[in-house]
Amino acid sequence: MNLISLFLFICVLLPSVYWFVLALAARSSQKPEIEGREPRNRFAIVIPAHNEENVINVTVSTLLNQNYPRLLYDIFVVADFCSDQTAREARRAGATVLERNDGERSGKGAALSWAFNQIFSTGEDYDAVVIFDADTKVDADFLLIMDVRLSQDELVIQGRHAVSNPNTGWLPALTWAMFIIDNRFQNLGRSNLGWSAKHMGDSICFRAEILRKLGWGEGLTEDYLLRQRLLLVGVRIAYEPYAIGFGEAALSWRQAQSQRARWLRGVQEANQQLKTQLFLTFLKKRDGLLLDGWLQALVPSYSTLALISIFLLLMQVIVNLVQPVFLPFVLLCWGVLAGLLILYPVLGLIWEGAPLKAYIAILLGPVFIFWRSWLALRVRLHKGRITWVRTEHHGS
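Residues numbered from 1 in each chain as written. Predicted model: local features only at pLDDT ≥ 70, side-chain atom pairs only at ≥ 80, totals over all residues. Heavy atoms only, no water.

Participant: Break down the packing of helix α6 (residues 170-192) against helix α12 (residues 328-352) for me, citing the residues and quoting the values.
Facilitator: Following both chains from N to C, one finds α6 and α12 inclined at 80°, their axes separated by 9 Å at the closest point. Judged by the inter-axis angle, α6 sits roughly perpendicular to α12. In contact with Ala177, Ile180, Ile181, Arg184 and Phe185 of α6, α12 contributes Tyr344, Pro345, Leu347, Gly348, Leu349, Trp351 and Glu352. Classifying every residue of the contact of α6 with α12 gives nine nonpolar, one polar and two charged. (Axes fitted to C-alpha atoms, helices over the stretch in contact; angles between N-to-C directions. Helix = DSSP H or I, 4+ residues; strand = E, 2+ residues; numbered from the N terminus. Parallel < 35°, antiparallel > 145°, perpendicular 65-115°, else oblique. Contact = heavy atoms within 4.5 Å. Nonpolar A, V, L, I, M, F, W, Y, C, P; charged D, E, K, R; others polar.)

Following this line, the structure appears as structure tokens:
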């Protein structure tokens, strides 16, 4: 019995080490020096929008107030099969509007791929392309900071995607706190190790030649799939925590469920498609980028590991109360591992210097873990088609 417990402990410990390594690597970051800098790069800012008349005006207006020479960036709003006044509001705000009404509407990826073809065919000489969601409120120094990172020979840079509406309910507050932890550990940790940050689909900058070569892609999670494709050609996504875009989190569990189900199915399909290729390419090139990409595709999520470790610990404690069969050392190992996994998100908030309300928000963390694990199981067992669903934005 003890040997079986130790074997299960090792099976949970090994993938947990991966998450702990990312956490330990996320201790420091330094803001790029932007004072007195002469901007060099010309940006095309692209915003896919489907029926976003409520928010697009404010988004474009904040971008027009960047601390960056106005002649060095253009704003394109892709009005993707809109049935409202998105195109009119975007034009009024000062953006160039690309209206897409032909073909099949299949989501953000298709809209961006179409827009890139339109923009690159104009012959305009853009050095980089930045993608924002239609509801993103962008920090005034965003382009200036991206200009610095591009001068450091980065090819793809993910900015900090933060939540703008944590005060509109428990779910947005929990999402806000989770993004703080996720950005710190998964993005900053990976970037500090020289690995590739997550592609979050928003507030991300690409050298133009990367998109000309690889495009954006389509599918349920074209951003995740593009990250894996970048790894296969040796391109990492750097993370820049001081380039910030604020977007709205889902207001209801129902809306969040459709988002999460789409994401889980898309990640599952992408991993099935490229997991073996990532590993074989790693064996050939011995590149840490590829190893991390393969591990991310292989290792269970933090929430799954936390749920499994706590469940197995409780089962063993209950069994021991009835009839002692587990050695104290075995139970101690499980207790330490479960405790570390419980403290994992708290450590992220501490290192980030998060306010008290973030700690209060993650009290709902156990609810999210059970909900996400149930949804992941449901998505895995359900073989039906999952389609892209638009997230409703209200402005915040």
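Participant: Help me get a handle on the side chain of Glu240, residues and values and all.
Facilitator: As for its placement among the helices and strands, Glu240 is situated in strand β8 (residues 237-247). In this structure Glu240 comes out as buried when scored by relative accessible area, which is 3%. Here Arg149 takes part through its side chain, which lies 2.7 Å from a polar atom of the side chain of Glu240. For Glu240, the contacting residues outside a window of four places in its chain are Pro32, Ile145, Arg149, Ile157, Gln158, Gly159 and Arg160. (Buried < 20%, exposed > 50% of the residue type's maximum accessible area, 1.4 Å probe, protein only. Polar contact = N/O pair within 3.5 Å; in protein donor to acceptor, adjacent residues only side chain to side chain.)

Participant: How would you sum up the packing of helix α2 (residues 56-64) against helix α3 (residues 86-93)? Please name residues and give values.
Facilitator: With their axes 8 Å apart at the nearest point, α2 and α3 run at an angle of 25° to one another. It follows from the interaxial angle that α2 and α3 lie roughly parallel. As α2 packs across α3, the resulting crossing turns out to be right-handed. Here Ile56, Asn57, Val60, Ser61 and Leu64 of α2 lie close against α3, whose contacting residues are Thr86, Glu89, Ala90 and Ala93. Taken together, the residues of the contact of α2 with α3 break down into five nonpolar, three polar and one charged. (Left-handed = near helix turned anticlockwise from the far one by under 90°.)

Participant: Go over the packing of aromatic side chains, please, and point to the residues and values.
Facilitator: Within this structure, the stated rule accounts for 14 aromatic pairs. On the numbers, 6.2 Å between centres and 85° between planes, the contact of Phe76 with Tyr126 is edge-to-face. Placement of the pair is Phe76 in strand β2 (residues 73-80) and Tyr126 in the loop between α4 (108-120) and β4 (128-131), with a sequence separation of 50 residues. By relative accessible area, which is 9% here, Phe76 ends up buried. For Tyr126, a relative accessible area of 4% corresponds to the buried category. A ring pair is formed by Phe279 and Trp294, whose centres lie 4.5 Å apart and whose planes are at 35°; its orientation type is tilted. Taken as a pair, Phe279 in helix α9 (residues 253-285) and Trp294 in helix α10 (residues 288-298) lie far apart in primary sequence, 15 residues in all. Take Phe279: its relative accessible area is 28%, and that puts it in the partly exposed class. Here the aromatic residues Phe20, Phe185, Tyr302, Tyr344 and Trp351 are joined through ring pairs into a cluster of three or more. Between Arg27 and the ring centre of Trp351, over which it is positioned, the NZ or CZ distance is 4.2 Å. (Phe/Tyr/Trp six-rings, centres within 6.5 Å; stacked < 30°, edge-to-face > 60°. Lys NZ or Arg CZ within 6 Å of the ring centre and 35° of its normal.)

Participant: Go over the pairing of strand β1 (residues 43-49) with me, naming the residues and quoting the values.
Facilitator: By the criterion of burial, β1 is predominantly enclosed, with seven of the seven residues buried. Residues of β1 alternate between two faces, with Phe43, Ile45, Ile47 and Ala49 on one and Ala44, Val46 and Pro48 on the opposite face, all of them buried. Note: β1 against β2, seven bridges, orientation parallel. Of the residues in β2, the one forming a bridge with Ile47 is Val77. By the bridge criterion, four bridges tie β1 to β4 in an arrangement that is parallel. Counterpart to Ala44 in the pairing with β4 is Val129. (Pairing = 2+ DSSP bridges.)

Participant: Tell me what's going on with the sheet that holds strand β6 (residues 156-163), and back it up with residues and numbers.
Facilitator: Within the open sheet, the eight strands sit side by side as β3-β2-β1-β4-β7-β6-β8-β5. Their pairing is mixed. Of all the strands in the sheet, just β3 (96-100) and β5 (137-138) have a single pairing partner and so form its edges. Sitting on the sheet, helix α5 (residues 142-151) touches β1, β2, β4, β5, β6, β7 (204-207) and β8, and the angle it makes with β8 is about 175°.

Participant: So, the pattern of salt bridges: which residues are in play, and what are the values?
Facilitator: Inspection of the entire model under this criterion finds 15 salt bridges. One salt bridge connects Arg236 with Glu154, and the closest N-O pair in it is separated by 3.1 Å. Residue Arg236 is located in the loop between α8 (222-232) and β8, and its partner Glu154 is located in the loop between α5 and β6; the two are separated by 82 residues in the primary sequence. For the pair Arg236 and Glu154, a shared accessibility class is recorded, and that class is buried. A single network of salt bridges, built from pairs that share partners, joins Arg149, Glu154, Arg236 and Glu240. (Salt bridge = Lys/Arg side-chain N within 4 Å of Asp/Glu carboxyl O.)

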